[in-house]
Amino acid sequence: HRAIDDLCGRAVNFSKEYKSVTHAHDVASVLQDGIRTFFGKQLKEPELLAFFTEQQNVPSKVAKVLVSAVISRQAEIKKQLVEHLVNISSSHMTDFDWSLQLTMATSHLSQVRTPLLILTIYTQWLDGSSHEYTFEMTKDDVDKVLTSFAKIAAEVRDA
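Residues numbered from 1 in each chain as written. Predicted model: local features only at pLDDT ≥ 70, side-chain atom pairs only at ≥ 80, totals over all residues. Heavy atoms only, no water.

## Section: the overall build of the protein
Argument step 1. Each helix and strand counted, the protein has seven helices and three strands in total.
Argument step 2. Start at the N end of the protein and walk to the C end: the helices and strands fall as α-α-α-α-α-α-β-β-β-α.
Argument step 3. Classification of the 159 residues of the protein by burial places 22% in the buried group. (Helix = DSSP H or I, 4+ residues; strand = E, 2+ residues; numbered from the N terminus. Buried < 20%, exposed > 50% of the residue type's maximum accessible area, 1.4 Å probe, protein only.)

Here is the structure:
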């Protein structure tokens, strides 16, 4: 429960409380990583138990107690993790709008057809103010952004 308290923002001095355990902070860190994985990947109880026993080599009896503590304090942990994520950024996206414009020009020498994506992102800041950001992107720009998003999604999925 002390590792969960620490995760939820309550100050815990592991080295003072657990003098007989030389690496108490490391143990708590492993437990907290397991808890974050449980919520981040929306695992079930058996998967959390397997994470502790198989990946972290926690004895089965201890792992069952840990899982029980996590399940009993699930709402509190989830609330704290969400608050932590919200505090990472001072703004969030509230809406977006997009349009596609096609520029066409012809001459006897060339024919130009240039698609242009207009993306407007609306954000709201913690103080309640709103901002609007508009981006104009060519097809190549859009392809680069989509490739970057695909890489980000793959890393998040694998984390």
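## Section: the environment of F39
Argument step 1. Tracing the backbone through its elements, the reader meets F39 in helix α3 (residues 24-40).
Argument step 2. Placed 38 residues apart in sequence, F39 and I77 show a C-alpha to C-alpha distance of 8.8 Å.
Argument step 3. Sequence-distant contacts of F39, that is, excluding residues within four places in its chain, are made with V70, Q74, I77, K78 and L81. (Contact = heavy atoms within 4.5 Å.)

## Observations regarding the packing of helix α4 (residues 45-55) against helix α5 (residues 60-72)
Geometry of a packed helix pair, given as the angle between the helix axes and the separation of the axes.
Argument step 1. One way to put it is that α4 packs onto α5 with a least axis distance of 9 Å and a crossing angle of 135 degrees. It follows from the interaxial angle that α4 and α5 lie oblique. α4 and α5 meet at a crossing whose hand is right-handed. Seen from α4, the contacting residues are E45, L48, L49, F52 and T53; seen from α5, they are S60, A63, K64, L66, V67, V70 and I71.
Argument step 2. For the contact of α4 with α5, a count of residues per class yields eight nonpolar, two polar and two charged. (Axes fitted to C-alpha atoms, helices over the stretch in contact; angles between N-to-C directions. Parallel < 35°, antiparallel > 145°, perpendicular 65-115°, else oblique. Left-handed = near helix turned anticlockwise from the far one by under 90°. Nonpolar A, V, L, I, M, F, W, Y, C, P; charged D, E, K, R; others polar.)

## Digging into the environment of G128
Argument step 1. Summarising the element assignment, G128 is placed in the loop between β2 (111-125) and β3 (130-138).
Argument step 2. Judged by relative accessible area, which is 42%, G128 ranks as partly exposed.
Argument step 3. With 37 residues separating them in the primary sequence, G128 and S91 have C-alpha atoms 9.3 Å apart.

## Structural notes on the nonpolar core
One broad trend across soluble globular proteins is that nonpolar side chains are buried collectively.
Argument step 1. Core analysis: the biggest nonpolar cluster contains 15 residues, and F38, F39, L48, F52, V70 and I77 have the highest contact counts within it.
Argument step 2. In this structure, L48 is in contact with G34, F38, V67 and V70, ignoring residues within four places of it in sequence. (Core = buried A, V, L, I, M, F, W, Y, C linked by side-chain atoms within 4.5 Å.)

## Focus on helix α7 (residues 139-158)
Argument step 1. In this model, α7 (20 residues) spans 29 Å end to end at C-alpha, consistent with the 28 Å of a helix rising 1.5 Å per residue.
Argument step 2. Little of α7 is tucked away: zero of the 20 residues are buried. (Expected span 1.5 Å × (residues − 1).)

## Description of the confidence of the model for the protein
Low pLDDT means the predicted coordinates in that region are not meant to be read closely.
Argument step 1. Averaged over every residue, the pLDDT of the protein is 78; the share at 70 or more is 77%.
Argument step 2. Mean pLDDT across the secondary structure elements of the protein bottoms out at helix α2 (residues 14-17), with 54, and peaks at β3, with 92. (pLDDT = per-residue confidence, 0-100.)

## Quick look at the layout of surface pockets
Argument step 1. Taken as a whole, the largest pocket encloses approximately 420 Å³ of empty space.
Argument step 2. In terms of lining, the largest pocket is formed by 15 residues, of which the most central are R36, F39, G40, L81 and L85.
Argument step 3. The set of elements that each furnish at least two residues to the lining of the largest pocket consists of α3 and α6 (74-88).
Argument step 4. When residues of the lining of the largest pocket are assigned to their parent elements, the largest contribution, eight residues, is made by α6. (1 Å grid on protein atoms, 1.4 Å probe; cavity = no way out; pocket = protein on both sides within 12 Å on 5 of 7 lines; lining within 4 Å. Points joined across faces, edges and corners; volume = space filled by probe spheres on them.)

## Quick look at the pattern of salt bridges
Argument step 1. Counted by the stated rule, this structure contains two salt bridges.
Argument step 2. Measuring nitrogen to oxygen at the nearest pair gives 3.0 Å for the salt bridge that ties R73 to E76.
Argument step 3. Its relative accessible area of 13% is what places R73 among the buried residues.
Argument step 4. Its salt-bridge partner being D143, residue K139 comes within 3.1 Å of it at the nearest N-O pair. With a gap of four residues between them, K139 and D143 both fall in helix α7, about one helical turn apart.
Argument step 5. Relative accessible area serves as the criterion here: at 52%, K139 is assigned to the exposed category.
Argument step 6. By relative accessible area, which is 34% here, D143 ends up partly exposed. (Salt bridge = Lys/Arg side-chain N within 4 Å of Asp/Glu carboxyl O.)

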